[in-house]
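Each chain, letter by letter, is given below.
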Amino acid sequence: MARTIVVTSGKGGVGKTTTSASVAMGLAQKGCRTAVIDFDVGLRNLDLIMGCERRVVYDFVNVINGEANLNQALIRDKRCGDLYILPASQTRDKDALTKEGVGQVLEELKKDFEYVVCDSPAGIERGATLAMYFADDAFVVTNPEIASVRDSDRMLGILASKSRRAEQNQDPIKEFLLLSRYSPKRVNMGEMLGVDDVQEILSMDLLGVIPESESVLAASNSGVPVVLNKESDAGQAYVDVVSRYMGEELPHRFINEERKGLFGRLFGG
Amino acid sequence: MSVNPNYHPSSPSVIEIKSSSVTLPLLKLLGNDLEKISSQLMEKVHLAPDFFLNAPVIIELREIVEKKMELDFSELVSMLKGYGMNPVGVRGGDETINENAKSVDLVVLSGPRSKQKTETVDREPIPDREETKETPSLAQIIDHPVRSGQKVYTPGADLIVLAQVSHGAEIMADGNIHVYGTLRGRALAGVKGNMKCRIFCQDFRAEIVSIGGHFKISENLDASLVGKPVQIYLQDESLIIEPI
């Protein structure tokens, strides 16, 4: 049975699109047919991060309005044949999305795909609420700082009360917490909230910790989801996240400051 | 006494036997001249007609008994009814006069202990114990975290939260509030004005606490109380926050 995953946060700029791209790619690489949808109408980014911005003909709003069918709008990823992208419209705005329209598109996608990843825009208005309304699972992306944590808390409350599952009294959306842009060095200096702090404030366990990494910017600049970069710490963290989501138990990496030994300091690295 | 064969001990009760004290007007007779009684009553009734209209009246007979007078009860009763009164019983009489009273269906009540008071029927005056306030309903229990932006209100009851209350969340109750977790948001107890309500929490980090409208913001809270289990109550219109 297909699962719809929403990647959301409340706060902007925490790493939702980066996460959506890498998680969708990670799932597809494990052999699961995956579709990833950009819900940020008017401010679309997912196509850039996925490196398919020059192949966009039709978009999500075109499909909702019946101007194109799904097959015309979905873009197949060149690196992984099981991954498809549905880009957002750049010329319209969020009012172009309707609950019925979104629902129909998701229903159709679930017939063909095992996972449908919805990349939510920031905020708690229409785009964000529609992205999470039909979700089965939610990845709430948080940065280790108080503004982001509070916004994520708000988003958790909304997920619990304003989703279709909540309205129809079904099992609630399964919530997963992702801590991104984590810097153990700054945590130790007291500048940043630590893993334990965030878990305590949000009363939730972590699905994964993604370290702050220069490789993320490099990845988005080149249109390659960072999970494909085997040497990147962030990339490896996303690999762990996908494995944990699918049931594997793995210890959290990248949460402790690396201590360079004498040789390390002498010879760099 | 026969027992009703249809009596089933498990059927729900439709009656309740209670003790109650009631105030009734007392008409003390100082003579037995019915004409005089009538004319004097007429004056009184004219002064305050509503007082007597349909009033259940007790006839005080002590003086009549002491003066060894006789009394025609049926005439007395019709006369009183003529003035709109409703004689229901007598008191202070002896055995003979009581029998006469009973023959016209007047109830014989036990003698007075007080003197000239016009009040109380003399049973043991156990006052009605019914509360004028509504009995509070059972507390509402919440066992999931109350997230930022969520509001919870329990009208007419206590609120018990078995998880944390996040920053930016609001919990309100007409009664007491118990948070068996970290309280980071706003807690308002006794929202309808009940000053006796209290707030209890296991880990105190609230933004605002309020009881019956008296509130304190976190800036003005004693730092030594942060993170501790506390109870909060009103004393002389001041919020007291105490470790427990």
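See the structure above.
This section reports on the structure supplied with the text. (Residues numbered from 1 in each chain as written. Chains lettered and ligands numbered in written order. Predicted model: local features only at pLDDT ≥ 70, side-chain atom pairs only at ≥ 80, totals over all residues. Heavy atoms only, no water.)

Here we look at the packing of aromatic side chains
No. 1: Across all of its chains, the model carries 7 aromatic pairs over all chains by this definition.
No. 2: Ring geometry for Y133 of chain A and F134 of chain A: centres 4.9 Å apart, planes at 85°, overall edge-to-face.
No. 3: Y133 of chain A sits in the buried class, given a relative accessible area of 9%.
No. 4: Both rings, one in F176 of chain A and one in Y245 of chain A, keep their centres 5.4 Å apart while their planes meet at 80°; by these two values the pair is edge-to-face. Taken as a pair, F176 of chain A in strand β7 (residues 174-182) and Y245 of chain A in helix α12 (residues 233-245) lie far apart in primary sequence, 69 residues in all. Like Y245 of chain A, F176 of chain A is buried.
No. 5: Three or more aromatic residues link up through ring pairs in this structure, and these residues are Y115, F139, F176 and Y245 of chain A.
No. 6: It is R198 of chain B that lies over the ring of Y233 of chain B; its NZ or CZ is 4.4 Å from the centre. (Phe/Tyr/Trp six-rings, centres within 6.5 Å; stacked < 30°, edge-to-face > 60°. Buried < 20%, exposed > 50% of the residue type's maximum accessible area, 1.4 Å probe, protein only. Helix = DSSP H or I, 4+ residues; strand = E, 2+ residues; numbered from the N terminus. Lys NZ or Arg CZ within 6 Å of the ring centre and 35° of its normal.)

Focus: unusual backbone geometry
No. 1: Backbone geometry places S203 of chain A, a non-glycine residue, at a positive phi of 55°.
No. 2: In this structure, S203 of chain A sits in the loop between α10 (195-202) and β8 (206-211).

Things to note about the interface of chain B and chain A
No. 1: Across the boundary between the two partners, chain B contributes 10 residues, which contact 10 residues of chain A.
No. 2: Contact between chain B and chain A buries roughly 860 Å² in total, counting both sides, with carbon and sulfur atoms accounting for 38%.
No. 3: Here chain B and chain A share 2 salt bridges between them.
No. 4: Across the pair R147 of chain B and D153 of chain A runs a salt bridge, and its minimum N-O distance is 2.9 Å.
No. 5: Scanning the region where chain B abuts chain A turns up 9 residue pairs in polar contact (both at pLDDT 80 or more).
No. 6: Tallied by class, residues from the side of chain B that touches chain A come to 1 nonpolar, 7 polar and 2 charged. (Contact = heavy atoms within 4.5 Å. Buried area = accessible area lost by both parts, 1.4 Å probe. Salt bridge = Lys/Arg side-chain N within 4 Å of Asp/Glu carboxyl O. Polar contact = N/O pair within 3.5 Å; in protein donor to acceptor, adjacent residues only side chain to side chain. Nonpolar A, V, L, I, M, F, W, Y, C, P; charged D, E, K, R; others polar.)

Remarks on the sheet that holds strand β2 (residues 34-38) of chain A
Residue and element names in this part refer to chain A.
No. 1: In spatial order, the strands read β3-β4-β2-β5-β1-β6-β7-β8; together these 8 strands make up an open sheet with mixed pairing. The sheet terminates laterally at β3 (75-76) and β8, the two strands that pair on one side only.
No. 2: In this sheet, strand β5 (residues 115-119) lies alongside β2 in parallel orientation, the contact comprising 5 bridges. Looking at β5, one finds that I37 is bridged to C118. (Pairing = 2+ DSSP bridges.)

Quick word on the sheet that holds strand β14 (residues 230-235) of chain B
All names here are of chain B.
No. 1: With respect to topology, 6 strands assemble into an open sheet ordered β5-β7-β9-β11-β14-β15, the strand pairing being mixed. Only two strands of the sheet have a single neighbouring strand rather than two, namely β5 (140-142) and β15 (238-243). Pairwise comparison of adjacent strand axes, ignoring direction, gives a mean angle of 20° for this sheet.
No. 2: Pairing of strand β11 (residues 199-204) with β14 involves 3 bridges; the strand directions are antiparallel. The residue bridging F200 from the neighbouring strand is Q231, located in β14. (Axes fitted to C-alpha atoms, helices over the stretch in contact; angles between N-to-C directions.)

Some points on the pattern of salt bridges
Residue and element names in this part refer to chain A.
No. 1: Scanning the entire structure with this criterion turns up 19 salt bridges over all chains.
No. 2: Residues R181 and E212 are paired through a salt bridge, measuring 3.1 Å at the closest nitrogen-oxygen approach. Within this pair, whereas R181 is found in strand β7, its partner E212 is found in the loop between β8 and α11 (214-222), the two being separated by 31 residues in sequence.
No. 3: We classify E212 as partly exposed; its relative accessible area is 40%.
No. 4: With its nearest N and O atoms 2.9 Å apart, the salt bridge here joins D240 to R253. Residue D240 is found in helix α12, and its partner R253 is found in the loop between α12 and α13 (262-267); the two are separated by 13 residues along the sequence.
No. 5: Judged by its relative accessible area of 36%, R253 falls in the partly exposed class.
No. 6: Members of the salt-bridge network, linked through shared partners, are K110, D136 and R165.

Everything listed here is a matter of coordinates, which is why it stays silent on function.
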